[in-house]
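# Observations on the three-dimensional arrangement
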Amino acid sequence: MIKFFLMVNKQGQTRLSKYYEHVDINRRTLLETEVIKSCLSRSSEQCSFIEYKDFKLIYRQYAALFIVVGVNDTENEMAIYEFIHNFVEVLDEYFSRVSELDIMFNLDKVHIILDEMVLNGCIVETNRARILAPLLILDKMSES
C-alpha cells in the first residue's frame, strides 16, 4: 500500500505531496525533509529503492523533478517504479512535455490525475485514456 507520494525539485522544494495515512503536520515536515535529503544525496548509479524506517522509498528522477513514493514492506518495488513512470507519461500526455511550472500552476489537475490513479493508497487505474477522461471533460466544460 502506498503511504505517501511526493514530487520534489532538485533544490528540495516539495511541489506536490499526497498522504494516504494520517500524519501529523509537524511530522510531515520532518518526514519530507529526511526523505528528500536521503533521495537527493544518492548518485544516479545507486538503486532507486531505499529502506527507510518502517517503510520503503521508491523514487525516480525526471529532469529537475524527483518523484518519491513511500510504501509498506509488502509492496512490490518494481510495480511502484513502473507506476511512477506511468504517472509521468500521463502528465506528459496531458501537458505535452510536462515541466515543473506545469505542476506548480496546475496543481489541481495534477491532483485529479493522481486521484484517478490511486485510491486510499492502492493503484486502481493505469489506462491513460481512462485517467485523462475526467480532465478532458472538465476542460471542455470550462471552454464553453
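Residues numbered from 1 in each chain as written. Predicted model: local features only at pLDDT ≥ 70, side-chain atom pairs only at ≥ 80, totals over all residues. Heavy atoms only, no water.

The cut-off we apply is this: UniProt positions are given in the numbering used here, feature names are shortened, and annotations may be inferred rather than shown by experiment.
By the naming in an unreviewed UniProt entry, the protein is AP complex subunit sigma, taken from Heterocephalus glaber. What the UniProt record of the protein gives under Subunit (unreviewed entry) is the line "Adaptor protein complex 4 (AP-4) is a heterotetramer composed of two large adaptins (epsilon-type subunit AP4E1 and beta-type subunit AP4B1), a medium adaptin (mu-type subunit AP4M1) and a small adaptin (sigma-type AP4S1)." Check the Subcellular location (unreviewed entry) section of the UniProt entry for the protein; it says "Endomembrane system".

## Thoughts on the packing of aromatic side chains
So the rule is basically this: When the centres of two rings from Phe, Tyr and Trp lie within 6.5 Å, Trp using its six-membered ring, the rings pair. Their planes under 30 degrees apart give stacked, over 60 give edge-to-face, and anything left gives tilted. Secondary structure counts use DSSP, requiring at least four H or I residues in a row for a helix and at least two E residues in a row for a strand, with both numbered from the N terminus. Exposure categories follow from relative accessible area, calculated using a 1.4 Å probe and restricted to protein chains: below 20% of the type maximum is buried, above 50% is exposed, and the middle band is partly exposed. Two thresholds decide whether a charge sits over a ring: the Lys NZ or Arg CZ must be within 6 Å of the ring centre and within 35 degrees of the ring normal.
This structure, assessed with the given rule, holds eight aromatic pairs. Ring geometry for F5 and F87: centres 5.0 Å apart, planes at 75°, overall edge-to-face. Placement of F5 in strand β1 (residues 2-9) and of F87 in helix α2 (residues 77-95) is noted, with a sequence separation of 82 residues between them. F87 matches F5 in its accessibility class, with the two residues each being buried. A connected cluster of aromatic rings, assembled from ring pairs, spans F4, Y19, Y52 and F55. Above the face of the Y81 ring, R60 is positioned so that its terminal group lies 4.0 Å from the ring centre.

## Remarks on the nonpolar core
Applicable threshold: Here, nonpolar core refers to any group of buried Ala, Val, Leu, Ile, Met, Phe, Trp, Tyr and Cys residues whose side-chain atoms link them within 4.5 Å. Note on contacts: a residue pair qualifies if any of its non-hydrogen atoms lie within 4.5 Å across the two residues.
Grouped together as the largest cluster of nonpolar side chains are 28 residues, with contacts concentrated most on I2, F5, M7, F83, F87, I113 and L114. If you list the elements that add at least two residues to this core, you get β1, β5 (65-71), α2, α4 (107-117) and α5 (128-143). Counting residues per element, this core draws most heavily on α2, at nine residues. Aside from chain neighbours lying at most four places away, what touches F83 is I2, F5, L114, M117, V118 and I123. One finds F4, Y52, Y59 and V68 within the second-largest nonpolar core, a separate group that totals 16 residues.

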